[in-house]
Amino acid sequence: MLSNVLSAGFVLAAMLVLSWQITVVSLVLLPVFILPARAFAPRLARLTRERYELNADMNNTMTERFNVSGAMLAQLYGSPEREEVNFRGRAGRVRDIGVTQAMYGRIFFASLSLVASLATAIVYGVGGRLAARGDLEVGTLVALTAYLGRLYGPLTQLSNVHVDVMSAMVSFERVFEVLDLAPVIVDRTDAVDLPAGAAAVEFDHVGFRYPAADEVSLASLESVAVLDTRVPAPVLHDITFRAEPGQMIALVGPSGAGKTTISQLIPRMYDARSGAVRVGGYDVRYLSLRSLRAAVGVVTQDAHLFHDTVRANLAFARPEASADQMWSALDAAQVGELVRALPDGLDTVVGDRGHRLSGGEKQRLAIARLLLRAPGIVVLDEATAHLDSESEAAVQQALSAALAGRTSLVIAHRLSTVREADRILVVADGRIVQSGTHDELLARGGLYAELYRTQFRPATAPTDDATGGSGGRPGESGGGSGGLADAANAVPA
Ligand SMILES: Nc1ncnc2c1ncn2[C@@H]1O[C@H](COP(=O)(O)OP(=O)(O)OP(=O)(O)O)[C@@H](O)[C@H]1O
Ligand SMILES: [Mg+2]
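Since we're looking at a predicted model, the values are computed, not measured.

1. Some points on the packing of aromatic side chains
Centre-to-centre distance and the angle between the planes together describe a pair of aromatic rings. All told, the structure shown has ten aromatic pairs when counted by the stated rule. Ring geometry for Phe 40 versus Tyr 104: centroids 5.9 Å apart, planes at 65°, classification edge-to-face. Of this pair, Phe 40 sits in helix α3 (residues 30-65) while Tyr 104 sits in helix α5 (residues 80-133), and the two are 64 residues apart along the sequence. Given the relative accessible area of 11%, Phe 40 is considered buried. An aromatic cluster is defined as three or more aromatic residues linked by ring pairs; in this entry it consists of Phe 40, Tyr 104, Phe 108 and Phe 109.

2. Some thoughts on helix α11 (residues 323-332)
Taken residue by residue, α11 has Met 326, Ala 329 and Leu 330 as its buried positions. End-on, the buried residues of α11 take up no more than an arc of 100°, which puts them together on one face. Lining the buried residues of α11 we find α10 (310-315), α12 (336-341) and α13 (359-373). After α11 finishes, the residue Gln 334 shows a positive phi value of roughly 65°.

3. Structural notes on the environment of Thr 120
Position of Thr 120 relative to the elements: it lies in helix α5. Relative accessible area serves as the criterion here: at 25%, Thr 120 is assigned to the partly exposed category. As for Thr 120 and Leu 144, which are separated by 24 residues in sequence, their C-alpha atoms are 9.5 Å apart.

4. A short note on the site of ligand 1
Around ligand 1 lies a shell of 13 residues, among which Ser 255, Lys 259, Thr 260, Thr 261 and Gln 301 are the nearest. The separation between an oxygen atom of ligand 1 and a polar main-chain atom of Gly 256 is 2.8 Å. At a separation of 2.9 Å, an oxygen atom of ligand 1 approaches a polar backbone atom of Gly 258. A total of 640 Å² of accessible area belongs to ligand 1 in isolation, and the protein chains cover 65% of it. The class makeup of the residues in the shell around ligand 1 is five nonpolar, seven polar and one charged.

5. Some remarks on a nonpolar patch on the surface
On the surface, Val 165, Met 169, Phe 172, Val 175, Phe 176 and Leu 179 cluster together into a nonpolar patch covering about 580 Å² of accessible area. Residue placement: Val 175 occurs in helix α6 (residues 138-180).

6. Quick notes on the pattern of salt bridges
A complete count under the given rule lists 18 salt bridges for this structure. Two residues, Glu 84 and Arg 88, come together in a salt bridge whose shortest N-O distance is 2.6 Å. With a gap of four residues between them, Glu 84 and Arg 88 both fall in helix α5, about one helical turn apart. Overall, Glu 84 belongs to the partly exposed group, its relative accessible area being 44%.

7. Details of the sheet that holds strand β5 (residues 282-283)
If you walk across this open sheet you meet the four strands as β2-β1-β4-β5, and the pairing is antiparallel. The strands lining the two open edges of the sheet, one partner per strand, are β2 (236-243) and β5.

8. A few points about the side chain of Thr 348
Summarising the element assignment, Thr 348 is placed in the loop between α12 and α13. A distance of 2.8 Å separates a polar side-chain atom of Thr 348 from the backbone oxygen of Gly 345. Excluding residues that lie within four positions of it along the chain, Thr 348 makes contacts with Asp 308, Thr 309, Val 310, Leu 342, Pro 343 and His 355.

9. Some thoughts on the sheet that holds strand β7 (residues 377-381)
Strand order across the open sheet formed by six strands is β6-β7-β8-β3-β9-β10, with mixed pairing between neighbours. Since the sheet does not close on itself, it has two edges, and those belong to β6 (296-299) and β10 (431-436), each with one partner. Sheet twist, expressed as the mean angle between neighbouring strand axes with direction ignored, is 15°. Note: β6 against β7, four bridges, orientation parallel. Its bridge partner lying in β7, Gly 297 is registered against Val 378. Along the sheet face, helix α16 (residues 447-455) touches β3 (248-252), β9 (423-428) and β10 and points at about 95° away from the line of β9.

10. Concerning the packing of α3 against α6
Helix packing geometry: the angle between the two helix axes and the distance between the axes. Close contact between α3 and α6 brings their axes to 8 Å; oriented N to C, the two are set at 30°. Relative to α6, α3 is oriented roughly parallel. In this structure, the crossing between α3 and α6 has a hand that is right-handed. Along its contact with α3, which presents Leu 30, Phe 33, Ala 37, Ala 41, Pro 42, Leu 44, Ala 45, Thr 48, Arg 49, Tyr 52, Glu 53 and Ala 56, the element α6 presents Tyr 152, Leu 155, Thr 156, Ser 159, His 162, Val 163, Met 166, Ser 167, Val 170, Ser 171, Glu 173 and Arg 174. Across the contact of α3 with α6, the residue classes break down as 14 nonpolar, six polar and four charged.

11. A closer look at unusual backbone geometry
Even without glycine at this site, Arg 268 takes up a positive phi of about 60°. With respect to the secondary-structure elements, Arg 268 resides in the loop between α8 (259-265) and β4 (274-279). Overall, Arg 268 belongs to the buried group, its relative accessible area being 4%. Non-glycine residue Gln 334 carries a positive phi angle of around 65°. Looking at the element boundaries, Gln 334 is found in the loop between α11 and α12. Exposure remark for Gln 334: the relative accessible area of 33% places this residue in the partly exposed category.

Calculation notes
Residue indices begin from 1 for each chain and proceed along its sequence in written order. Think of it this way: whatever chain is written first is A, whatever ligand is written first is 1, and the rest follow in order. In keeping with the predicted nature of the model, local features appear solely for residues at pLDDT of at least 70, side-chain atom pairs appear and are counted solely at 80 or more, and the whole-chain, interface and lining totals rest on all residues. Based on all heavy atoms of the structure, the side-chain values leave hydrogens and waters out of the count. Ring pairs are drawn from Phe, Tyr and Trp, using the six-membered ring of Trp, whenever the two centres fall within 6.5 Å, and their geometry is named by plane angle: stacked under 30 degrees, edge-to-face over 60, tilted for the rest. Counting from the N terminus, the helices are DSSP H or I runs at least four residues long and the strands are E runs at least two residues long. A 1.4 Å probe rolled over the protein chains alone gives each residue an accessible area, and that area as a share of the maximum for its type sets the label: buried under 20%, exposed over 50%, partly exposed in between. Read the arc as the range of directions from the helix axis to the C-beta atoms. Note on definitions: a residue-residue contact is assigned when non-hydrogen atoms from the two residues lie within 4.5 Å. A molecule or strand has a residue near it when one of that residue's heavy atoms lies within 4 Å. Two N or O atoms form a polar contact when they lie within 3.5 Å of each other; inside protein one atom must be a possible hydrogen donor and the other a possible acceptor, and for residues adjacent in sequence the pair counts only when both atoms belong to side chains. The Shrake-Rupley method, run with a 1.4 Å probe sphere, supplies the accessible areas, and residue values consider only the shown protein chains as cover. Think of it as three bins: nonpolar holds Ala, Val, Leu, Ile, Met, Phe, Trp, Tyr, Cys and Pro, charged holds Asp, Glu, Lys and Arg, and polar takes everything else, Gly as well. Like charges within 9 Å and nonpolar side chains (Val, Leu, Ile, Met, Phe, Trp, Tyr) within 5 Å are joined into patches, using only residues over 30% in relative accessible area that form no salt bridge. One speaks of a salt bridge when a side-chain nitrogen belonging to Lys or Arg is within 4 Å of a carboxyl oxygen belonging to Asp or Glu. Two strands are counted as paired when DSSP detects at least two bridges linking them. Only C-alpha atoms enter the line fits that serve as axes; for helices the fit covers just the stretch in contact. Angles between N-to-C directions range over 0 to 180 degrees. Angles below 35 degrees are treated as roughly parallel, those above 145 as roughly antiparallel, those between 65 and 115 as roughly perpendicular, and all remaining angles as oblique. Crossing handedness is defined as follows: a turn of the near helix away from the far one that is anticlockwise and smaller than a right angle gives a left-handed crossing, while the clockwise case is right-handed.

Such coordinate-based values are descriptive only and should not be taken to indicate function.
Put into structure tokens, the structure is as follows:
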């Protein structure tokens, strides 16, 4: 901008010295340079915004449909034609907008050069008459038109700056929108570190609802508009319990009861809406996230592995782990043999696009990852759901060794896995409806006893062992293997 302003200024000065009349004529056309930019800049900015949105939309489709699970779903339930039409439609819109934008750009420049040519013609016309009358030398006129070219070049560039800035503002807007979105979970400035070692976990009258879409996301970032600003219904009500250091607490209950949600409040994936969650006596909101998450090890319901080697997946939990430590963790989680049999052992690439592991194998690898990390508090969400009875017994053994001295929260549909728990909490509809040891709960009767009877029916039931699956929601028919969900339905209200 500076160099363009300077050259325009000097050229004007030189022209004024040569002939003020011609200079005035050429300046009369100056507004004509500003007009096209005025007209085109907002239009180009709008197109830029639309293009970014379409590109984001297209990226979303690609990451969602072209990953392994998405592609598999498309194969099984979709039709290639429909996918093609869909993709063609989106890609077509991206193409069209690119073409439109390029056309606008060309028209903008073409109109600027047209104006410049017209101006040159007018200067020649006016100057020619002056020269014919003898008021102007022909040489001066030629010098003036040469200067004119030098004047309009910088002017064109200057009006282009306006257009560039308008389009760049669109990018800024989108970037700042994201940068300005405050993270929901952040460290307090006076956060303290959680001391290492096993710690008590305490829920003190905790109430919770998931955040509404507009609290955690930006509408402009979602391909499917989240216009839904309704406040979600509470998921947890007045949850109170305490796990002493080294104790094992089990959470059981129907699908959708809120077990996973409870477990997510411990590593502070969300904050309680009321009441407090305490680890080692500290409210988790006053602990540094780094120390809290180092202390809490979680195996989630859908154990995720990165598309990387077994070694890298394990090292993710503990970068400095040696191969020996990895092998002992793998052996303890009962996957050592499996990994040894893989083509490249620890260096086999697993994850969705690598060597596909079964659900149970993935989960055991996730347990090995947890064992390697050796946290003071352990959360297992259905960690044994995918295992057959034999490997379950083996993993159970490994886990009980690994869980010794650790505070643990174990979620299970299969009641056989939680019998040994120090205390069992029965969760239904976001409330703890019963609590006690296995024997106490059985003796007392009620939901737990009912669930237990359903799972351990006398051998007349043909699929006695298949109760581990995640059952349907309450109210749905579980199709025979619904486990707790069905059992819960069987309990009279
Ligand atoms: N991210 C979320 N946003 C909004 N609601 C959610 C979210 N995750 C779960 N819910 C809702 O919270 C309730 C409790 O879900 P949760 O996952 O805790 O159940 P669960 O007891 O672990 O069930 P399951 O045994 O099937 O794993 C459900 O009604 C569910 O729809
Ligand atoms: Mg769950």
